[in-house]
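Residues per chain, in single letters:
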Protein chains: 2
Amino acid sequence: MSLDQFPRGVLVPALTPFHPDLTVDDGRFVDHCRWLLAEGANGLAVFGTTSEANSLSAAERMSLLERLIEHGVPPGVLMPGTGCCALPDTVALTRHAVERGCFGVLLLPPFYYKGVSDDGIFATIAEVIQRVGDARLRIYLYHIPPMAGVGFSLSLIDRLLKAYPRIVVGLKDSSGDWKNTHALLEAFPGFEVLPGSETHLLDALRIGGAGCISATANVNAAAIARLMREWRSPDADAMQQEITAVRAAVQKYPMVAANKAILAQLLDAPEWDILRPPLRPLPTEAKAQLFASLEALHFGLDHRVPAA
Amino acid sequence: MSLDQFPRGVLVPALTPFHPDLTVDDGRFVDHCRWLLAEGANGLAVFGTTSEANSLSAAERMSLLERLIEHGVPPGVLMPGTGCCALPDTVALTRHAVERGCFGVLLLPPFYYKGVSDDGIFATIAEVIQRVGDARLRIYLYHIPPMAGVGFSLSLIDRLLKAYPRIVVGLKDSSGDWKNTHALLEAFPGFEVLPGSETHLLDALRIGGAGCISATANVNAAAIARLMREWRSPDADAMQQEITAVRAAVQKYPMVAANKAILAQLLDAPEWDILRPPLRPLPTEAKAQLFASLEALHFGLDHRVPAA
C-alpha cells in the first residue's frame, strides 16, 4: 500500500464515527479506514469535509491520526486535511502530518473571511510552507467554494506552482464544475488534479487526472477502486455508469448524513448514524427512500459486512 | 464600568495587533482596549470578525483574554466571541469566558458547513449550553451571514428564546439589512438586539435596540459613545449624521485593513498595520484616499493620541 505511483488513485475522505456523547470513536474509525484500504482504496484523505473534520478540534485530529498510524495504517497512504481558519492551527496540523510521514496534506484555504484576495491566500500558503519548513511537505490544495466560500483561482494556482513547484503538487476539485476540472488539467500538466467526485473519474483519467477523492467511496470503495484499476479496459464506461448511478442516488441527500446512514445499515451499526452538530442524521423517511433507490440499483445493503 | 444597565451601549470588536512575526502583541492589545473604554465605550466585544479572531487559535484567545483581565480590564465589560466551527473549541472558549466572569459571549454559529438546518444550529447551541452548564452563561447570537454563510432565522431565535430564555439574551445583527434588525426588534421585545454598525444606532435605540457593536468604534469610539449617552437630546440626529459619514468613508475599504491603517496613522504606530493572512493591509494608494476622505470630514488623523 503506497501512493508513490501515478495516477494516484481513489482516495477516501473517511467518515468520522462518534460515540453517543459525541466524542470520537477511535476504534471504529481505525476499523473503517482499514476496511476502505482492504476494499481497494489507494489512500485516505482523512479529515475532509465528509469527515466532519471542521467539527473536530486540532487536538482531536492529531490524536486520531496517531491512532490510525499506531494501528497499522501506513502514513504513506494518508493525506489528512490540515487547513483551518487560524494560521497557528494550520501550521500545527500540517507539521504534525509531515512529521508522522503522511505523503501529503489537503489544504483548505482559511475560510471564515470572504472576498479575500488571491494575494491573501498566497500569503497564507507561503507562511504555512515557511513555518513547517520541511522538504517532505506535499500540499494538495482543497478547492471547495460551495462550502468554504473561498477558493483557488487558476492564476493563484499558477503563482503557487511557480513559487513552490516541489511542494504544491495537486488539488482536489470539489467545485462540482467539470469545466473547472478540465481547465485545471489543461493548464497545469503534471499537476495532480483529483475531482471531488467519482462521477468524472474516467473523464479525468483520460485527460491526465490523478484519480478522485469522493465522499461516496466511504460506502462504494470497491466499485470505484475497480474502475481505477481497470480504467483502460473496454468495460470502463459501463463501470463508470454504475458508480455514477450510485453517486447520483446518494447525493440527493446531505452527503455526510447519507453516507453515515448507509454505513449504519450496511454494518448493522446504528452508532454510525451519529453526527456532530450542526450536521444531523437523515430523517427516517429520507433513509427509507435512499435505501430503496440503492436497492433499485442492486446496491446490496444487507450483505456487505466488511472483513473484520 | 459595568454593563448591567440597559440599553447596553456601544461595544467595540477590538482590533487585534500583531508583531511583525504575526504573533499577537498582547501589550498593545491591552493598551488599545483600555483606551477604548477611556474614550467612552461601554464594553468590548473582543474576538469578533474585526478582531481577526477566526485567525487566532483557541489557546491564543484564552491567553489574550486572561492578559486583559490581569491588566485591569473588568470582565464585566467583556463579551468575547467564542463561536468556532468545532463544538469542543466553542465549549472550551465559552466555559473559559464564563469562568473568568465575562458578562456574555458572542456566539457565531458553526460556519464551515453551509445549508445546515435550523435544527442543526439549535442542537449546537443546546450542546454548548448543556456542556458549559453554568447559570452565569449569557449568549449573544452573532448573526453575520455575509461572512459566516450561516445565520439565525427568526423562527430559530424564537425557538432558542423559548428553550433558554435566561441564557440566550441578545443578538448582534451584522446582516447589514436594517429590515432584519427592525423585524428582530419587533418580534422579540426585551431581547437585546445590537446592530453591527453605528449607522443605525439611533434608529435602533428609538425602537428598543440595545446599542451597537461596530468595527469603526475602534477608531471613532468617543463620537459613537457620545451619541449613545445623548441619544435623547435634540442634537442626536446631527451626531448620528456625523458618525454615519465616518462609517461610510471607512467601509468603502476592507474593514479590518482600513481600521488598522487608521489606527497606525492616529498613533504613529506602523505595527498596527500588520494583519494575519488571509487578510492584507490596505495598499498605500487606498490608505491615502481613505485618509483624505476622513480629513474632508474633519476626522483629525494627527491629533488623537490616546491617553497612555
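Residues numbered from 1 in each chain as written. Chains lettered and ligands numbered in written order. Predicted model: local features only at pLDDT ≥ 70, side-chain atom pairs only at ≥ 80, totals over all residues. Heavy atoms only, no water.

1. Focus: the pattern of salt bridges
Definition in use: Whenever a carboxyl oxygen of Asp or Glu lies within 4 Å of a side-chain nitrogen of Lys or Arg, that contact is scored as a salt bridge. A run of H or I in DSSP becomes a helix once it reaches four residues, and a run of E becomes a strand once it reaches two; helices and strands are each numbered from the N terminus. Three labels apply to residues, based on accessible area from a 1.4 Å probe with only protein chains included: buried if under 20% of the type maximum, exposed if over 50%, partly exposed otherwise in between.
The full count for this structure, using the stated rule, is 36 salt bridges over all chains. Ionic pairing is found between Glu192 of chain A and Arg8 of chain A, a salt bridge with its closest N-O pair at 2.3 Å. Here Glu192 of chain A, found in strand β6 (residues 192–195), pairs with Arg8 of chain A, found in the segment before β1 (9–12); they are 184 residues apart in sequence, far enough to count as distant. Taken as a pair, Glu192 of chain A and Arg8 of chain A share a single burial class, namely buried. One salt bridge in this structure joins Glu60 of chain B and Arg276 of chain B, with 2.7 Å as the shortest N-O distance. On the criterion of sequence distance, the pair formed by Glu60 of chain B in helix α2 (residues 58–70) and Arg276 of chain B in the loop between α11 (255–266) and α12 (284–296) is long-range, its members being 216 residues apart. Bridged by salt links that share partners, the residues Asp25, Arg28 and Glu271 of chain A form one connected network.

2. Some points on the interface of chain B and chain A
Using the following cut-off: Contact criterion: two residues are considered in contact whenever any of their non-hydrogen atoms come within 4.5 Å of each other. Once two parts are joined, some of their accessible surface, as seen by a 1.4 Å probe, is lost; buried area is that loss totalled over both. What qualifies as a polar contact is a pair of N or O atoms within 3.5 Å, subject to a donor-acceptor requirement within protein and to the restriction that residues adjacent in sequence count only when both atoms come from side chains. Ten residues, namely Ala, Val, Leu, Ile, Met, Phe, Trp, Tyr, Cys and Pro, are considered nonpolar, four, namely Asp, Glu, Lys and Arg, are considered charged, and the remaining ones, Gly among them, are considered polar.
Counting residues at the interface gives 40 residues for chain B and 40 residues for chain A. In total, about 3100 Å² of surface goes out of reach between chain B and chain A, with carbon and sulfur atoms giving 65% of it. Considering only the surface of chain B that becomes buried against chain A, Tyr112, Tyr113 and Pro278 of chain B emerge as the three largest contributors, covering 26% of it. Counting across the chain B and chain A interface gives 2 salt bridges. Between Asp119 of chain B and Arg280 of chain A there is a salt bridge, and its shortest N-O distance comes to 3.4 Å. Viewed at the interface, chain A and chain B are joined by 14 residue pairs in polar contact (both at pLDDT 80 or more). Elements with a minimum of two residues in the side of chain B that touches chain A: α3 (87–99), α4 (118–132) and α5 (145–148) of chain B. Partitioning the side of chain B that touches chain A into residue classes produces 22 nonpolar, 8 polar and 10 charged.

3. Structural notes on the relation of the copies chain B and chain A
Our working definition: Least squares is the method for superposing the copies, and the C-alpha atoms it fits come from residues with pLDDT of at least 70 in both.
When chain B is brought onto chain A, the operation consists of a screw motion whose angular component is 180 degrees and whose axial shift is 0.0 Å, with 0.0 Å RMSD remaining. Both copies of the chain, as the preceding transformation shows, are related through a two-fold rotation axis. When the interface residues of chain B are mapped onto chain A, 100% of them again lie at the interface, so the same face is used by both copies.

4. Regarding the pairing of β6 of chain A
Residues and elements named next belong to chain A. Quick note on the threshold: Two strands make a pair as long as DSSP finds a minimum of two bridges between them. We call a crossover right-handed when, viewed with both strands directed away from the observer, the connection leading from the first strand over the helix to the second proceeds clockwise.
The alternating pattern of β6 places Glu192 and Leu194 on one face and Val193 and Pro195 on the opposite face, and all of these are buried. Where strand β5 (residues 168–173) and β6 come together, 4 bridges link them in parallel fashion. Its bridge partner being in β6, Gly170 is matched across the sheet by Glu192. With helix α7 (residues 178–187) bridging β5 and its parallel neighbour β6, the resulting β-α-β unit is right-handed.

5. Comments concerning the sheet that holds β1 of chain A
Residues and elements named next belong to chain A. One open sheet accounts for 3 strands, arranged β2-β1-β7; its pairing is parallel. A single partner strand is all that each edge strand has here, and the edge strands are β2 (43–44) and β7 (211–213). One ladder, built from 2 bridges, connects β1 with β2; its direction is parallel. Among the inter-strand pairings, Val12 is bridged to a residue of β2, identified as Leu44.

6. Details of the environment of Ala225 of chain B
All names here are of chain B. When you line up the elements, Ala225 lands in helix α9 (residues 217–229). Ala225 sits in the buried class, given a relative accessible area of 1%. Separated by 189 residues in sequence, Ala225 and Leu36 have C-alpha atoms that sit 9.9 Å apart. With residues near it in sequence (within four places) discarded, Ala225 still touches Val10, Glu39, Gly40 and Ala41.

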